[in-house]
Amino acid sequence: MGFRLPGIRRASSSKSSEVPKGYLAVYVGEKMKRFVIPISYLNQPSFQELLNQAEEEFGFDHPMGGLTIPCAEYVFLNVTSSFNGC
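Report follows, based on the coordinates. Since the model is a prediction, treat every value here as computed from it, not as a measurement. (Residues numbered from 1 in each chain as written. Predicted model: local features only at pLDDT ≥ 70, side-chain atom pairs only at ≥ 80, totals over all residues. Heavy atoms only, no water.)

1. Focus: helix α2 (residues 73-81)
Defined as follows: Three exposure classes are used, based on accessible area relative to the maximum for each residue type with a 1.4 Å probe and protein chains only: buried under 20%, partly exposed in between, and exposed over 50%. Secondary structure counts use DSSP, requiring at least four H or I residues in a row for a helix and at least two E residues in a row for a strand, with both numbered from the N terminus. Working note: the arc is built from the helix axis to C-beta atom directions.
Listed as buried for α2 are Phe76, Leu77, Val79 and Thr80. Around the axis of α2, the buried residues are gathered within 165° of arc, so they sit on the same side. Residues Tyr74 and Asn78 are exposed on α2 and point more than 90 degrees away from its buried face.

2. Remarks on the packing of aromatic side chains
To keep things clear, this is the line we draw: Note on ring pairs: Phe, Tyr and Trp rings are taken, using the six-membered ring of Trp, and paired if centres are within 6.5 Å. Classes follow the plane angle, with under 30 degrees stacked, over 60 edge-to-face and the rest tilted.
A complete count under the given rule lists four aromatic pairs for this structure. Centroid distance Tyr41 to Phe83: 4.8 Å. Interplanar angle 70°. Geometry classified as edge-to-face. Residue Tyr41 is located in the loop between β3 (33-38) and α1 (45-58), and its partner Phe83 is located in the segment after α2; the two are separated by 42 residues in the primary sequence. Residue Phe83 is classed as buried on the basis of its relative accessible area, which comes to 3%. Taken together through their ring pairs, the aromatic side chains of Phe35, Tyr41, Phe47, Phe76 and Phe83 make up a single cluster.

3. Details of the pattern of salt bridges
Side-chain pairing between opposite charges can occur once the charged atoms of the two side chains come close. To keep things clear, this is the line we draw: We define a salt bridge as a side-chain nitrogen of Lys or Arg found within 4 Å of a carboxyl oxygen belonging to Asp or Glu.
One pass over the structure, following the stated rule, counts one salt bridge. Taking the shortest distance from any N to any O, the salt bridge between Lys33 and Glu73 comes out at 3.4 Å. With Lys33 in strand β3 and Glu73 in helix α2, this residue pair connects regions lying 40 residues apart in the sequence. By relative accessible area, Lys33 is classed as partly exposed at 29%.

4. As for the environment of Lys31
Assignment of secondary structure puts Lys31 in the loop between β2 (23-28) and β3. Exposure remark for Lys31: the relative accessible area of 80% places this residue in the exposed category. Measuring from C-alpha to C-alpha, the distance between Lys31 and Glu73 comes to 8.9 Å, with 42 residues separating the pair along the chain.

5. A short note on the environment of Glu73
By relative accessible area, which is 24% here, Glu73 ends up partly exposed. Taking the C-alpha atoms as reference points, Glu73 and Gly29, 44 residues apart in sequence, are found 4.9 Å from one another.

Structure, rendered in structure tokens:
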């Protein structure tokens, strides 16, 4: 249960390696929850700030092999929830 934010897809366990064209997989929070987000989010200044934090913490060596965002899951959801028009 819960709510669904437009544009964000929670990865299913059966097809966790598949990312649709135009989307990007990111790992967020302590439990490294995987989200599949539209690449249009990369243009948003607040998302770019999250990317800057990821660069400062991990450089270009992300522990999950994909893009890891070093913030709490609720922060990520709050930031991305404002991108509904993307």
